[in-house]
There are 2 protein chains.
Amino acid sequence: MIPEDHPRYESLITREKIVEGVENGITSIHGLIAQGRGEAFDYLIGEKTAESALKAEKVAAAILLLAKNPVISVNGNAAALVPEELIRLSDAIDAPLEVNLFHRTEERVKKIVEHMRSLGAKRMCTKGDALIPGLEHDRAKVDSTGIFIADVVLVPLEDGDRCKALVDMGKTVIVIDLNPLSRSARSAHVTIVDNIIRAIPHISEFAEELKNLEYDELQGLIEEFDNKKNLALALDEITARLHSLQEQAGI
Amino acid sequence: MIPEDHPRYESLITREKIVEGVENGITSIHGLIAQGRGEAFDYLIGEKTAESALKAEKVAAAILLLAKNPVISVNGNAAALVPEELIRLSDAIDAPLEVNLFHRTEERVKKIVEHMRSLGAKRMCTKGDALIPGLEHDRAKVDSTGIFIADVVLVPLEDGDRCKALVDMGKTVIVIDLNPLSRSARSAHVTIVDNIIRAIPHISEFAEELKNLEYDELQGLIEEFDNKKNLALALDEITARLHSLQEQAGI
């Protein structure tokens with residue numbers, strides 16, 4: 001048991017959830033390495049939502065509300081860490097959840113679908129009957145009624161090649177990625193530099209808050225946003241955090 | 001197979017070795033998360049040895065050469081990633097290798113010892129018959145003829161509490177840690193901010209290069225070194241790298 005007042009409580013609980021995900025066959029062993037990378041970048045942003053991330057989360061909610069066929073992509077780490085939060089978001093923006101794995105096996109897809117359904121997921125895309133152009137076969141599989149025809153895709157934790165391939169298909173892509181310099185972060189239309197355990201609930205809250213706005217108001221929010229400028233802000237936040245850690249450490 | 005000309009070849013090979021280590025029972029599942037954290041920090045230092053790291057590696061070699069009872073600590077990640085390099089270093093500085101696990105099980109200790117011996121390790125400390133004061137029982141176990149009586153300990157990848165406990169025992173502690181701000185990094189006498197796959201071979205090379213120097217010359221090298229200043233240099237290198245990545249990305 002990790003005591004709730006432990007200074008790194010959230011981070012340690014998150015780590016346990018991922019290990020549990022691997023044990024349950026939901027998360028791949030590579031997901032653990034990805035989790036470690038995420039931990040390091042989250043440490044650099046201070047394990048809290050920065051101003052740049054909050055901006056991106058708000059715009060993401062606006063885009064998802066205006067979308068005709070939004071889809072939320074779910075991988076093995078997201079399913080282990082924030083299953084209920086993804087279901088809440090799916091309800092808030094009326095979008096299906098699609099299991100979309102980098103190390104895809106039909107067994108793992110099935111386990112994740114069962115896991116999400118057992119927690120109350122209603123709308124799920126589960127087929128792998130269409131292919132994203134430009135990717136090798138297994139990595140390209142998506143649902144013909146889900147990501148394949150979506151106009152907006154929210155991809156928490158996406159591989160750089162696939163993120164770019166979705167952009168090349170003409171979709172609006174929103175990624176959650178703790179590294180503001182990753183290929184995914186740079187190719188997406190909206191990049192949320194935040195931990196998914198904070199980002200997904202924030203997007204739901206913004207969706208609930210913004211849902212009664214008029215089309216023009218939402219459109220205004222979206223047009224004001226500049227992803228490149230926001231990424232630069234995220235980088236400035238990381239540099240400032242490094243300086244403050246250095247100062248605290250007396251180095 | 002990962003093609004040798006892949007831009008991130010080293011990093012991907014390293015990742016495969018760690019996954020293999022888990023499959024062989026040498027590396028713990030938590031070692032994968034640690035590997036991911038390391039990958040993120042290594043990315044920030046540019047996946048190459050920085051000037052600050054090279055300085056620390058040279059001083060580490062000098063300290064190890066002058067030590068009366070130096071010991072090289074080996075954990076599950078080090079055993080999976082650089083077993084042969086650790087054996088070479090053990091020979092170069094005439095120091096035993098001691099298996100020292102954070103998530104200790106006797107089974108895993110045995111597997112690592114067998115693995116290292118099969119690759120040619122001659123001097124190994126394998127008992128867990130003494131305790132480092134101030135740590136809970138399982139985390140405290142060390143060999144009474146190894147780390148317990150060592151004057152200098154090289155710990156690639158050490159937990160913050162244990163690093164501090166070794167310092168409190170009066171030992172000279174050299175750590176290899178990619179995060180210059182970690183508790184280990186801050187409590188050690190010499191902190192090498194580098195990937196162990198590069199750091200261990202560098203220390204061996206320096207040991208071979210310096211071994212014919214007189215006592216006073218080695219002592220001079222050691223006295224010139226200031227770990228705090230060197231950590232500040234490592235942080236400056238990371239900040240500079242972030243700026244250059246940002247520039248390259250046009251953000």
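What you are looking at is a predicted structure, and each value in this text was computed from that prediction instead of being measured.

Undergrad: Can you walk me through the interface of chain B and chain A in this structure?
TA: Size of an interface: often given as the accessible area lost when the parts come together. Taken together, the 32 residues of chain B in the interface contact 33 residues of chain A. For the chain B face of the interface with chain A, the top three residues by lost area are Ile33, Leu181 and Ile251 of chain B, together amounting to 21%. The salt bridge partner of Arg37 of chain B is Glu39 of chain A, with a shortest N-O separation of 2.8 Å. Along the contact surface separating chain B from chain A lie eight residue pairs in polar contact (both at pLDDT 80 or more). Mapped by element, the contributors of at least two residues to the side of chain B that touches chain A are helix H1 (9-23), helix H2 (29-44) and helix H12 (227-248) of chain B. Per-element accounting of the side of chain B that touches chain A gives the leading share, eleven residues, to H2 of chain B. In the side of chain B that touches chain A, the residues fall into 19 nonpolar, eight polar and five charged.

Undergrad: Where do I start with unusual backbone geometry in this structure?
TA: In terms of backbone geometry, most residues other than glycine have negative phi values and most peptide bonds are trans. One non-glycine residue, Asp94 of chain A, adopts positive backbone phi at about 55°. Here Asp94 of chain A lies in the loop between helix H5 (83-93) and strand S2 (97-99).

Undergrad: Even after reading the chapter, I still don't get the sheet that holds S2 of chain A, so can you show me in this structure?
TA: Picture the strands of a sheet paired through backbone hydrogen bonds; they go either parallel or antiparallel. Residues and elements named next belong to chain A. Spatially, six strands are ordered S3-S2-S1-S6-S7-S8 in an open sheet, and the strand pairing comes out parallel. In this open sheet, the two strands that pair with only one neighbour each are strand S3 (124-125) and strand S8 (190-192). Where strand S6 (residues 152-156) lies against strand S7 (residues 172-176), five bridges are found, and the strand directions are parallel. Among the inter-strand pairings, Pro156 is bridged to a residue of S7, identified as Ile176. On the sheet, helix H3 (residues 51-66) packs against strand S1 (70-74), S6, S7 and S8 and is oriented at approximately 130° with respect to S8.

Undergrad: Mind showing me how you'd approach the pattern of salt bridges here?
TA: Residue and element names in this part refer to chain B. Here the structure, examined in full by the defined rule, presents 32 salt bridges over all chains. Lys164 serves as the salt-bridge partner of Asp168, at 3.0 Å between the closest nitrogen and oxygen. Within this pair, Asp168 and its partner Lys164 are both found in helix H8 (residues 160-168), separated by four residues, close to a single helical turn.

Undergrad: How should I be thinking about the relation of the copies chain B and chain A in this particular structure?
TA: Copy one and copy two of the chain differ by a rotation about an axis and a translation along that axis. With an RMSD of 0.0 Å, the fit of chain B onto chain A corresponds to turning through 180° and sliding 0.0 Å along the axis. The relationship between the two copies is best expressed as a two-fold rotation axis. When the interface residues of chain B are mapped onto chain A, 100% of them are again interface residues, pointing to one common binding face.

Undergrad: In this structure, what is going on with the side chain of Asn75 of chain B? I would like to understand it.
TA: Residues and elements named next belong to chain B. Its location among the elements puts Asn75 in the loop between strand S1 (70-74) and helix H4 (76-81). A polar atom in the side chain of Asn75 sits 3.1 Å from the backbone nitrogen of Asn77. There is a polar contact of 3.5 Å between the side chain of Asn75 and the backbone oxygen of Leu157. Excluding its chain neighbours within four sequence positions, the residues that come into contact with Asn75 are Asn100, Leu101, Ile112, Pro156 and Leu157.

Undergrad: Whenever I open this one, the environment of Val190 of chain B confuses me. Can you help?
TA: All names here are of chain B. In this structure, Val190 sits in strand S8 (residues 190-192). Judged by its relative accessible area of 2%, Val190 falls in the buried class. In sequence terms Val190 and Leu154 are 36 residues apart; their C-alpha atoms lie 9.3 Å from each other. In contact with Val190, other than residues within four places in its own chain, are Ala56, Val59, Ile63, Val173, Ile174, Val175, Phe225 and Asn227.

Undergrad: Explanation requested: the pairing of strand S7 (residues 172-176) of chain B in the structure shown.
TA: Looking down a regular strand, the side chains alternate between one sheet face and the other. Residue and element names in this part refer to chain B. Buried residues dominate S7, accounting for four of its five residues. The pairing of S7 with S8 spans three bridges and is classified as parallel. By the bridge assignment, Val175 is partnered in S8 with Thr191.

Undergrad: I tried to follow the sheet that holds S1 of chain B on my own but got confused; where do I start?
TA: All names here are of chain B. What the six strands build is an open sheet, ordered S3-S2-S1-S6-S7-S8; its pairing is parallel. Two strands in the sheet have a free side with no partner beyond their single neighbour: strand S3 (124-125) and S8. Against the sheet, helix H3 (residues 51-66) contacts S1, strand S6 (152-156), S7 and S8, and its axis sits at roughly 130° relative to S8. Where helix H5 (residues 83-93) meets the sheet, its contacts fall on S1, strand S2 (97-99) and S6, and the angle it forms with S1 comes to roughly 175°.

Undergrad: Help me out: how do you make sense of H3 of chain B in this one?
TA: Along an α-helix, a turn takes 3.6 residues, which lines up residues three or four apart on a common side. In a regular helix each residue adds 1.5 Å, so 16 residues correspond to 22 Å; H3 of chain B covers 23 Å between its end C-alpha atoms and thus fits that length. Along H3 of chain B, the residues classified as buried are Ser52, Ala53, Ala56, Glu57, Val59, Ala60, Ala61, Ala62, Ile63 and Leu64 of chain B.

Quick notes on the rules
- Residues numbered from 1 in each chain as written.
- Chains lettered and ligands numbered in written order.
- Predicted model: local features only at pLDDT ≥ 70, side-chain atom pairs only at ≥ 80, totals over all residues.
- Heavy atoms only, no water.
- Contact = heavy atoms within 4.5 Å.
- Buried area = accessible area lost by both parts, 1.4 Å probe.
- Salt bridge = Lys/Arg side-chain N within 4 Å of Asp/Glu carboxyl O.
- Polar contact = N/O pair within 3.5 Å; in protein donor to acceptor, adjacent residues only side chain to side chain.
- Helix = DSSP H or I, 4+ residues; strand = E, 2+ residues; numbered from the N terminus.
- Nonpolar A, V, L, I, M, F, W, Y, C, P; charged D, E, K, R; others polar.
- Pairing = 2+ DSSP bridges.
- Axes fitted to C-alpha atoms, helices over the stretch in contact; angles between N-to-C directions.
- Least-squares fit on C-alpha atoms with pLDDT ≥ 70 in both.
- Buried < 20%, exposed > 50% of the residue type's maximum accessible area, 1.4 Å probe, protein only.
- Expected span 1.5 Å × (residues − 1).

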